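Working through the structure, step by step
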Amino acid sequence: MENVTYNSFVLQLEGFKVTEESTEYAFFLFFFSYIVIMILNLGILAIIVIDKSLHQPMYLLFCNLPVSDIVGCTHILPRLLSDMLVPPSERLISYYECVVQAFTTHMFGTTSHTVLMIMAFDRYVAICNPLRYADIMTNRMIVKLTAFAWGVPFVWVAVLLGLTIRLNRCRTLIENPFCDNASLFKLSCESSAINNIYGLTFTVVLLTSSIGCIVLTYGKITAVCLTSKSKSLNNKALQTCSTHLVVYLIMSFSGFSIVVLHRFPQYSDYRKLSAILFVMLPPSFNPIIYGVQSREIQKFLSERFCSRKKLKNAF
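Residues numbered from 1 in each chain as written. Predicted model: local features only at pLDDT ≥ 70, side-chain atom pairs only at ≥ 80, totals over all residues. Heavy atoms only, no water.

By secondary structure assignment, the location of L11 is in strand β1 (residues 10–13). Along the primary structure L11 and I93 are separated by 82 residues, whereas in three dimensions their C-alpha atoms are 5.2 Å apart. Those residues within four positions of L11 in sequence are excluded, and the remaining contacts are R91, L92, I93, Y95, C98, R171, T172, I174, L184 and L187. (Helix = DSSP H or I, 4+ residues; strand = E, 2+ residues; numbered from the N terminus. Contact = heavy atoms within 4.5 Å.)

What follows is the structure in structure tokens.
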């Protein structure tokens, strides 16, 4: 039963509903996924830091993506795992902790888009203006793009949560596996029209900007490739852009399904599953997709494995 307490500072998380027989399987699946996500993303970051040949604008900008994925997974999955081990009535969270979790959740989702936008810009300059690439993609430009990728989401999400915090609460049940903005403003008995309008505007602007950026930059890249007779340029563009688009489509589909399902309460279980998959799928695929397509990373790994094999054979 949901407690009806005015402005309570203790909230109850509904959590992820699984049967008692499936709890252990779900727990180990999520736990294993979290470990894999951390190993892959931390591994990619370590490779880029260690290998000086990877200290290029493309990889430095890419570092923002695993950082965002690590933060996004770490603030959700460990809490979700601990909640699965206790009864629903004991899945309690303080209001302030819930607000912080909601803020981090939306920062993770928004920066995933903005980071891919700045990476698309980098690929556009590299393929369409290769002779000016070094002059455009300076260290100062990398800092500016990184600041954009994190600063814009910070402002947008701060306003989003600020509109929610102002509302009085008359409910305590978070109808979600973790805290997000929609779950928080649903605790209020006041009108949340402004929250809905800003939230939808926020989503439309974000998706329109990211889709527009991807279409514009890749459209120009395609035009350059069609007019160019260089096979190496076309192969490079196809390899880079195809992997980038795969990552973008996985992330967009996962995020868009959550937004849509929030409007249909009868599909709450599917929404919760989509929310968890949004946290798990992109962070799992991003390092694999980019690691597979990057010749520099492949070269680094092959050299390390070959040197280890030679060392073992020597003994």
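Back to the write-up after that little detour.
With six of eight residues buried, helix α4 (residues 77–84) is to be regarded as a mostly interior element. Taken as a whole, α4 has its buried residues at L77, R79, L80, L81, D83 and M84. (Buried < 20%, exposed > 50% of the residue type's maximum accessible area, 1.4 Å probe, protein only.)

This part covers the state of the cysteines. For the structure shown, the criterion picks out two disulfides. Note that C98 is cross-linked by a disulfide to C179, the S-S spacing being 1.9 Å. Disulfide C98 to C179: torsion about the S-S bond roughly -110°, handedness left-handed. Here C98 is found in helix α5 (residues 95–128), whereas its partner C179 is found in the loop between β3 (173–174) and α8 (181–185), with 81 residues between them in sequence. (Disulfide = S-S within 2.5 Å.)

Once that is clear, we can look at the sheet that holds β3. The strand order across the open sheet formed by three strands is β2-β1-β3, and the pairing between neighbours is mixed. Two strands close off the open sheet at either side, each with one partner strand: β2 (92–94) and β3. (Pairing = 2+ DSSP bridges.)

The next thing to look at is empty space enclosed by the protein. Tallied over the full model, the rule gives two cavities of 30 Å³ or more. In terms of lining, the second largest cavity is formed by L65, D69, S112, L116, V247, M251, P282 and N286. Listing elements by their share of the lining of the second largest cavity, those giving two or more residues are α3 (64–74), α5, α10 (231–261) and α11 (268–293). Here the lining of the second largest cavity is built from residues that sort into five nonpolar, two polar and one charged. (1 Å grid on protein atoms, 1.4 Å probe; cavity = no way out; pocket = protein on both sides within 12 Å on 5 of 7 lines; lining within 4 Å. Points joined across faces, edges and corners; volume = space filled by probe spheres on them. Nonpolar A, V, L, I, M, F, W, Y, C, P; charged D, E, K, R; others polar.)

It is worth spelling out a nonpolar patch on the surface at this point. There is a patch of nonpolar side chains on the surface, built from F256, V260, F264, Y267 and Y270 and spanning about 510 Å² of accessible area. For Y270, the location among the structural elements is in helix α11. For Y270, a relative accessible area of 55% puts it in the exposed group. (Patch = residues over 30% accessible without salt bridge, like charges linked within 9 Å, V, L, I, M, F, W, Y side chains within 5 Å. Areas by Shrake-Rupley, 256 points an atom, 1.4 Å probe, with all protein chains shown as cover. Salt bridge = Lys/Arg side-chain N within 4 Å of Asp/Glu carboxyl O.)

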